[in-house]
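This is what each chain is made of:
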Amino acid sequence: MILLKELDSSTLDSLTDLLVKAFSKDPLVGYLFRGSNQAREAYRFYRLLLSVFSSKGSLYVDSSEANGLILWNDSIAGPGFREWSRSGIVNVLGLSVQTVLRLFRVGLSVERAHKQTIKSRHLHLILLGVYPNSQGKGLGRGLLDILLEEANRLSLPCYLETQNEKNVQFYESAGFTVEKTIQISRSLKSWSMLRAPQ
């Protein structure tokens with residue numbers, strides 16, 4: 001596994017492409033980005049997430065080919081949704097008004113659930129993505145283990161949210177438990193999950 005300290009433009013492009021492909025069938029992507037602009041808007045969104053959170057978080061890829069990545073931050077260091085939305089960063093994305101409204105609905109709902117679930121310092125899993133043709137081969141679990149080892153070393157809990165029910169069992173197998181489930185819309189749920197240090 002390789003820790004990336006800085007992202008040059010080319011690396012940022014390739015990791016963004018990885019995320020767009022990894023999450024192409026994810027319920028969150030389907031809810032946020034609709035119509036013919038889905039791939040373009042998802043690309044802008046994931047590029048922004050990588051840019052914002054990698055500057056204050058920990059970003060690892062599985063190898064020099066980067067078939068998978070994990071990004072997390074320490075809760076005392078990373079920006080919350082309200083902070084980066086207030087910065088005007090959403091305007092830079094060039095998203096449609098409807099997409100921005102859906103993004104705010106998700107962001108505020110998830111942030112509220114996060115604050116209700118854990119108030120103490122923790123490591124927050126932001127992204128874990130693997131190219132579709134590399135999924136099911138242990139890559140995601142290998143990347144997740146890096147986060148869990150760091151959390152254990154620091155004696156900190158880990159927190160995550162997922163909007164894909166298929167991911168819940170995967171995270172439960174790594175010691176996470178569902179602490180809260182919220183219905184964001186008729187078509188979108190979010191699971192807030194927590195793992196104690198071990």
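Higher on the page you've got the structure.
(A) The packing of helix α1 (residues 9–22) against helix α3 (residues 38–54), seen in detail. It is the contact of α1 with α3, at a shortest axis distance of 9 Å, that shows an interaxial angle of 125 degrees. Between α1 and α3, the interaxial angle falls into the category oblique. Considering only the axes of α1 and α3, their crossing is right-handed. Counted together, Ser-9, Leu-12, Asp-13, Leu-15, Thr-16, Asp-17, Leu-19 and Val-20 of α1 and Ala-42, Tyr-43, Tyr-46, Arg-47, Leu-50 and Ser-51 of α3 form the full contact between these two elements. Split by residue class, the contact of α1 with α3 holds eight nonpolar, three polar and three charged.

(B) Seen up close, the nonpolar core. Within the largest apolar cluster, 36 residues are counted, with the highest numbers of intra-cluster contacts made by Leu-19, Leu-32, Tyr-46, Leu-50, Leu-69, Val-106 and Leu-127. At the level of elements, α1, α2 (27–32), α3, β2 (58–61), β3 (68–74), α6 (97–117) and β6 (177–185) are the ones that each hand at least two residues to this core. If you tally residues by element for this core, the top one is α3, at eight residues. In this structure, Leu-127 is in contact with Leu-19, Phe-23, Tyr-46, Leu-49, Leu-50, Leu-69, Ile-70 and Leu-71, ignoring residues within four places of it in sequence. Core analysis: the next-biggest nonpolar cluster, separate from the first, contains 21 residues, Trp-72, Leu-147, Ala-151 and Met-193 among them.

(C) Molecular detail of the pairing of strand β5 (residues 158–162). Burial analysis of β5 places four of its five residues in the buried class, the great majority of the element. Judged from the two bridges that link them, strand β4 (residues 123–130) and β5 form a sheet pairing that is parallel. Note on β5: the bridge partner recorded for His-124 is Tyr-159. This β-α-β element, β4 to helix α7 (residues 139–154) to β5, shows right-handed connectivity. In terms of strand pairing, β5 meets strand β7 (residues 188–195) through five bridges, oriented antiparallel.

(D) View of the environment of Leu-154. Among the structural elements, Leu-154 can be located in helix α7. Taking the relative accessible area as the measure of exposure, Leu-154 reaches 31% and is therefore partly exposed. A C-alpha to C-alpha distance of 33 Å links Leu-154 and Lys-21, two positions 133 residues apart in sequence.

Thresholds applied
- Residues numbered from 1 in each chain as written.
- Predicted model: local features only at pLDDT ≥ 70, side-chain atom pairs only at ≥ 80, totals over all residues.
- Heavy atoms only, no water.
- Axes fitted to C-alpha atoms, helices over the stretch in contact; angles between N-to-C directions.
- Helix = DSSP H or I, 4+ residues; strand = E, 2+ residues; numbered from the N terminus.
- Parallel < 35°, antiparallel > 145°, perpendicular 65-115°, else oblique.
- Left-handed = near helix turned anticlockwise from the far one by under 90°.
- Contact = heavy atoms within 4.5 Å.
- Nonpolar A, V, L, I, M, F, W, Y, C, P; charged D, E, K, R; others polar.
- Core = buried A, V, L, I, M, F, W, Y, C linked by side-chain atoms within 4.5 Å.
- Buried < 20%, exposed > 50% of the residue type's maximum accessible area, 1.4 Å probe, protein only.
- Pairing = 2+ DSSP bridges.
- Right-handed = clockwise from strand over helix to strand, strands pointing away.

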